[in-house]
Amino acid sequence: MAAVKLIGSPISPFVLRTMIALSLKKVEYELLPEKLGEKSELLLKSNPVYKKIPVLIHHDRPICESAVIVEYIDQVWPESGYGAILPADAYHRALHRFWTFYVDDKLFPSLVAIGKAETEEAKAEAVEQFRAGLRLLEEAFVKLSEGKAFFGGDQVGFLDVMLGCFVVWIEAMEEVLSLELLEEATMPALHGWVVSFRAHEAVKEVMPESGKVVEFFKMIRAMRMKAAADATN
Amino acid sequence: MPQTASLHLTNRLHIHIVLESESERERERGARMAEAVVLLDVWVSPFGQRCRIALAEKGVAYEYKEEDLANKSPLLLQANPVHKKIPVLIHDGKPVCESLVIVQYIDEVWSDGAPILPADPYARAQARFWGDFVDKKIYDCGIRLWKLKGEAHQEAKKEFIEILKVLEAELGDRKYFGGDAFGYVDIALVPFFAWFYTYETCGGFSVEAEAPKLVAWGKRCMERESVSQTLYDPLKVYEFVCSLKKKYGIE
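Residues numbered from 1 in each chain as written. Chains lettered and ligands numbered in written order. Predicted model: local features only at pLDDT ≥ 70, side-chain atom pairs only at ≥ 80, totals over all residues. Heavy atoms only, no water.

**Remarks on helix 7 (residues 167–177) of chain A**
All names here are of chain A. Along helix 7, 8 of the 11 residues are buried, which leaves the element largely enclosed by surrounding structure. Here helix 7 has its buried residues at V167, V168, W169, I170, A172, M173, E174 and L177. Buried residues along helix 7 sit in contact with helix 1 (13–24), helix 4 (90–116), helix 5 (120–145), helix 6 (158–164), helix 8 (188–199) and helix 10 (210–232). Backbone geometry just downstream of helix 7 places S178 in the positive-phi region, at approximately 50 degrees. (Buried < 20%, exposed > 50% of the residue type's maximum accessible area, 1.4 Å probe, protein only. Helix = DSSP H or I, 4+ residues; strand = E, 2+ residues; numbered from the N terminus. Contact = heavy atoms within 4.5 Å.)

Following this line, the structure appears as structure tokens:
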């Protein structure tokens, strides 16, 4: 019986966050993917409030919400693997947490809006909103990285994990929708950060293949368009 | 008469110099410390109140600055350029934004006071989970109770009662959400205790009928000075919401 289990699969960026954290800490765990369209008994029992993945189960006790899980992993395995994920000082921790709030509350919804946009106009608006958010993160990166490779400085830190999980989805959407979202010209620092992040051993180990994410995105888009067409008939 | 909705009812200056010793040096140190910690806030904001309660629980001296949201100060715009919102805690010139981020910061910096988050990782994760739940659910659903009508209002009412029941079940028979100790989830939720009257009046239900343990918990929290000195009378909150409704042209 594995002491550490994780419900979900890395196609979900929120699950990927927790997998990156576990990988950074070199923690062994059992991955329990859910079947698309179905929720397992274990998931419903472990996350009755939201019924969503990821759920970390440690010594039979569930922890839900990706940001909560990553902080938990950092606290339980403090010196393991690559060391601490949350920054050492309180002020930097507050900054990483603030930007994580921003990513979850504003940036991610605008990314979703791009995928869901039904008109060219709506798509353009969503794209501009997303890019504006990335430009703020570009500024934040310059300040927080202090010339180093990551938001956490020399080491992959909390915000690197919380934002980096979306990289493969941003790239998949750029390919399928023929868009540039992470513009090298206006976001050179973030561009460099993506390269460093993707190259990190712990990240490479769990990052899903771009091809798989592209296929998945195409599939859910097709499903959504079909549902919309069926609704109007 | 200012056209803003925020009512400046009293000049409640929140310069809390909570010192144990009577010595002049302590008083001086307290005054200096108060300058080092500034809270940009609005009197009725439950998010700002979370920060005020946390600061009071830790006995931290600070300067309170009331913002006029219709006329935001240059300090606020500079301290929170991303959202331009309160609350903002400014500590030694460095701004911290997002109320629950601020509460965690206060807990970590003034670590010699009673802990707000528990030390045990699992208990801490549970506290963070429930703090996040309160953050995601109460305020946004609450707004719909007084802004919307008809079908949408009924939806909001149903959802809000469900939220109350989930919290009631989570609290159970415990003294506080944190157990015996007043903590993070209590701080995240208790400002909304002063909003229960508004929610039930606008929603057409009784909070006490739907969640009696939650109401008892709120009253227990009000026995703490940090809470009773921070929360406003529920009728004042209701007056405030009524003035907002007028401003937005809602009947």
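**Structural notes on the pattern of salt bridges**
Pairs can form between side chains of opposite charge once their charged atoms are near each other. All names here are of chain A. Applying the stated rule across the entire model yields 26 salt bridges over all chains. Between K106 and D105 there is a salt bridge, with its nearest N and O atoms 3.6 Å apart. Given the relative accessible area of 39%, K106 is considered partly exposed. With its nearest N and O atoms 4.0 Å apart, the salt bridge here joins R131 to E128. Placement of the pair is R131 and E128 together in helix 5, with a separation of 3 residues, close to one helical turn. Using a relative accessible area of 17% as the deciding quantity, one classes R131 as buried. (Salt bridge = Lys/Arg side-chain N within 4 Å of Asp/Glu carboxyl O.)

**Details of the UniProt feature "domain: GST N-terminal" (unreviewed entry) in chain A**
In the numbering used here, UniProt assigns the feature "domain: GST N-terminal" (unreviewed entry) to residues 2–81 of chain A. Measuring from the first to the last C-alpha atom of residues 2–81 of chain A gives 19 Å, for a span that is 36% helix and 19% strand. (UniProt positions renumbered as here; feature names shortened; annotations may be inferred.)

**Brief notes about the UniProt feature "domain: GST C-terminal" (unreviewed entry) in chain B**
Under the local residue numbering, the UniProt record ascribes the feature "domain: GST C-terminal" (unreviewed entry) to residues 120–240 of chain B. In the segment residues 120–240 of chain B, helix accounts for 74% and strand for 0%; the C-alpha atoms at its two ends are 40 Å apart.

**Observations regarding a nonpolar patch on the surface**
On the surface, a nonpolar cluster with roughly 310 Å² of combined accessible area is contributed by A:L36, A:M219 and A:M223. Topologically, A:M223 is positioned in helix 10. (Patch = residues over 30% accessible without salt bridge, like charges linked within 9 Å, V, L, I, M, F, W, Y side chains within 5 Å. Areas by Shrake-Rupley, 256 points an atom, 1.4 Å probe, with all protein chains shown as cover.)

**Here we look at the sheet that holds strand 1 (residues 4–7) of chain A**
Residue and element names in this part refer to chain A. Judged by pairing direction, the sheet is mixed, and its 4 strands sit side by side in the order 2-1-3-4 without closing on themselves. One side of each edge strand has no neighbouring strand; the edge strands of this open sheet are strand 2 (30–32) and strand 4 (61–64). The average angle at which neighbouring strand axes cross in this sheet is 25 degrees, direction not considered. (Pairing = 2+ DSSP bridges. Axes fitted to C-alpha atoms, helices over the stretch in contact; angles between N-to-C directions.)

**Examining the packing of helix 6 (residues 150–171) of chain B against helix 8 (residues 196–203) of chain B**
Residue and element names in this part refer to chain B. Running from N to C, helix 6 and helix 8 point in directions that differ by 140 degrees, and their axes come no closer than 10 Å. When the interaxial angle is binned, helix 6 and helix 8 end up oblique. As for the relative orientation of helix 6 and helix 8, their crossing is left-handed in sense. Here H153, K157, F160 and L164 of helix 6 lie close against helix 8, whose contacting residues are F196, Y199, C202 and G203. Grouping the amino acids of the contact of helix 6 with helix 8 by side-chain chemistry returns 5 nonpolar, 2 polar and 1 charged. (Parallel < 35°, antiparallel > 145°, perpendicular 65-115°, else oblique. Left-handed = near helix turned anticlockwise from the far one by under 90°. Nonpolar A, V, L, I, M, F, W, Y, C, P; charged D, E, K, R; others polar.)

**With respect to unusual backbone geometry**
A cis amide bond links A:I53 to the next residue, A:P54, at an omega of 0 degrees. Considering the arrangement of structural elements, one finds A:P54 in the loop between helix 2 (41–46) and strand 3 (55–58). The linkage connecting B:I86 with the following residue, B:P87, adopts the cis geometry, with an omega of 0 degrees. With a phi angle near 70 degrees, A:D60 is a residue other than glycine that sits in the positive phi range. Inspection of the secondary structure assignment puts A:D60 in the loop between strand 3 and strand 4. Judged by its relative accessible area of 67%, A:D60 is exposed. The backbone of A:E146 shows a phi angle near 50 degrees, a positive value even though the residue is not glycine.

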